[in-house]
Amino acid sequence: MSQVPRKLPEEEGDEEEEEEEEMVGLAGYADGAESFSDGDAESGGDEAFLDFNDPFSTEVKPRILLMGLRRSGKSSIQKVVFHKMSPNETLFLESTNKICREDVSNSSFVNFQIWDFPGQIDFFDPTFDYEMIFRGTGALIFVIDSQDDYMEALARLHLTVTRAYKVNPDINFEIFIHKVDGLSDDHKIETQRDIHQRANDDLADAALEKIHLSFYLTSIYDHSIFEAFSKVVQKLIPQLPTLENLLNIFISNSGIEKAFLFDVVSKIYIATDSTPVDMQTYELCCDMIDVVIDISCIYGLKDDGTGTPYDKESMAIIKLNNTTVLYLKEVTKFLALVCFVREESFERKGLIDYNFHCFRKAIQEVFEVRMKVVRSRKHQSHMQKNKRPTPNGTPRMPL
Ligand SMILES: Nc1nc2c(ncn2[C@@H]2O[C@H](COP(=O)(O)OP(=O)(O)OP(=O)(O)O)[C@@H](O)[C@H]2O)c(=O)[nH]1
């Protein structure tokens, strides 16, 4: 139900006093505005976000495997997306000869482990415990070099997918048809169709058509790799439907065309509203984040060089020459909301800001719920551990 406040908080001047009322609902931009939340907001601050370091929760620290033949581009993908390496520098990367595990956890909101496998890994090698590896895996990215003959890659894909599926049927299989920068548009489509057909035929021949493979055309030389990685990561975020829903309500009430929730460090978008994503829009958002961070690095730090280029004050407005406005606002230490707004809708900036305020709080609530579950699970597990008798049979706690 629409619950339009009598006045926007900025007009009333005293934001603190309004805090409780504000969480009641979004200010309606269009008719039919929905209620955002009807509970009291317990703002958890940044700590309210997912505790990915929690050992009890594999669900929030998922493992992503990067597999594929040698030189298909696995390490390059990892370096470009998570280490800001420029694509040209990847030409000098050495071949990976052991499994490299990396925790993408401290630097960004998107928190997971990436395991980069050497191309020549042998499933029949008894020292390679693939069961253990696949058991804790959320997504398996298989990289196929589209500029090379991909028959061998397809055979390896089939072997990998069938093995992994037997161990863990819940893995998401994500196929990156990579290095498409070297292909013409027609050739790209044809390659994707051919790889899709062959990979699925192989599965059907093995009576495993129930395995779902998702395909992406990627290249480190444009934003396609970030977009594909965004989709892979989104599937591993249990709160995704809620985030999407919040974004849908936010944009429909604020006259916004499109909104993305970005992880600022990696430029992966962890959620967007349900209108279709077009590549240009996504690229503009990525460019805007780069501009904001670059400018902040130059002019936003203190004189002694301390401070961070991205903080609570971070926000930016960029007016394009096509009557569109790009609006970026800080949501948490790691997240930014980037919106596309028409100039005439942006005239109601006060309303957008008010709705953003509600949106931000609602997001904190979502993760606060999650934190409570994690905390109670930790507590339960701790209690169970204490109840278990010690090896010599004496109880750990007085009964
Ligand atoms: N044209 C093009 N070249 C790419 C792309 N991604 C990676 N490469 C190049 O592919 C080559 C191999 O990349 P790596 O990342 O080392 O491949 P890898 O799969 O990690 O190789 P191993 O460690 O041997 O398994 C490098 O020269 C990269 O510059 C891409 O999107 N387009």
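These figures come from a predicted structure and were not determined experimentally.

### Some remarks on the site of the ligand
Point 1. Taken together, 20 residues form the shell around the ligand, and within it Ser-75, Ser-76, Ser-95, Thr-96 and Asp-181 come nearest.
Point 2. Separating an oxygen atom of the ligand from a backbone N or O atom of Leu-91 is a distance of 3.5 Å.
Point 3. Ile-220 is positioned with one of its backbone polar atoms (N or O) 2.9 Å from an oxygen atom of the ligand.
Point 4. Bound to the protein, the ligand loses 93% of the 660 Å² it would expose on its own.
Point 5. Element by element, the count of residues in the shell around the ligand is highest for helix α3 (residues 74-83), at three residues.
Point 6. Across the shell around the ligand, the residue classes tally to four nonpolar, eleven polar and five charged.

### Observations concerning the domain arrangement of the chain
Point 1. Domain assignment breaks the chain into domain 1 (63-236) and domain 2 (239-376).
Point 2. For domain 1 versus domain 2, the distance between C-alpha centres works out to 29 Å.
Point 3. Domain 1 puts 17 residues into the contact, and the matching count from domain 2 is 18 residues.
Point 4. In total, about 1600 Å² of surface goes out of reach between domain 1 and domain 2, with carbon and sulfur atoms giving 68% of it.
Point 5. At the surface where domain 1 touches domain 2, the tally comes to zero salt bridges.
Point 6. Counting across the interface, domain 1 meets domain 2 through three residue pairs in polar contact (both at pLDDT 80 or more).

### Some words on the packing of aromatic side chains
Point 1. The final tally for this structure, using the stated rule, is twelve aromatic pairs.
Point 2. When the ring centre of Phe-226 is taken as origin, the NZ or CZ atom of Lys-267, which lies over that ring, is 5.3 Å away.

### A look at a nonpolar patch on the surface
Point 1. There is a patch of nonpolar side chains on the surface, built from Val-291, Ile-295, Ile-298 and Tyr-299 and spanning about 460 Å² of accessible area.
Point 2. With respect to the secondary-structure elements, Ile-298 resides in helix α9 (residues 279-300).
Point 3. Judged by its relative accessible area of 60%, Ile-298 falls in the exposed class.

About the criteria used
- Residues numbered from 1 in each chain as written.
- Predicted model: local features only at pLDDT ≥ 70, side-chain atom pairs only at ≥ 80, totals over all residues.
- Heavy atoms only, no water.
- Near = heavy atom within 4 Å.
- Polar contact = N/O pair within 3.5 Å; in protein donor to acceptor, adjacent residues only side chain to side chain.
- Areas by Shrake-Rupley, 256 points an atom, 1.4 Å probe, with all protein chains shown as cover.
- Helix = DSSP H or I, 4+ residues; strand = E, 2+ residues; numbered from the N terminus.
- Nonpolar A, V, L, I, M, F, W, Y, C, P; charged D, E, K, R; others polar.
- Domains from an automatic or database assignment.
- Contact = heavy atoms within 4.5 Å.
- Buried area = accessible area lost by both parts, 1.4 Å probe.
- Salt bridge = Lys/Arg side-chain N within 4 Å of Asp/Glu carboxyl O.
- Phe/Tyr/Trp six-rings, centres within 6.5 Å; stacked < 30°, edge-to-face > 60°.
- Lys NZ or Arg CZ within 6 Å of the ring centre and 35° of its normal.
- Patch = residues over 30% accessible without salt bridge, like charges linked within 9 Å, V, L, I, M, F, W, Y side chains within 5 Å.
- Buried < 20%, exposed > 50% of the residue type's maximum accessible area, 1.4 Å probe, protein only.

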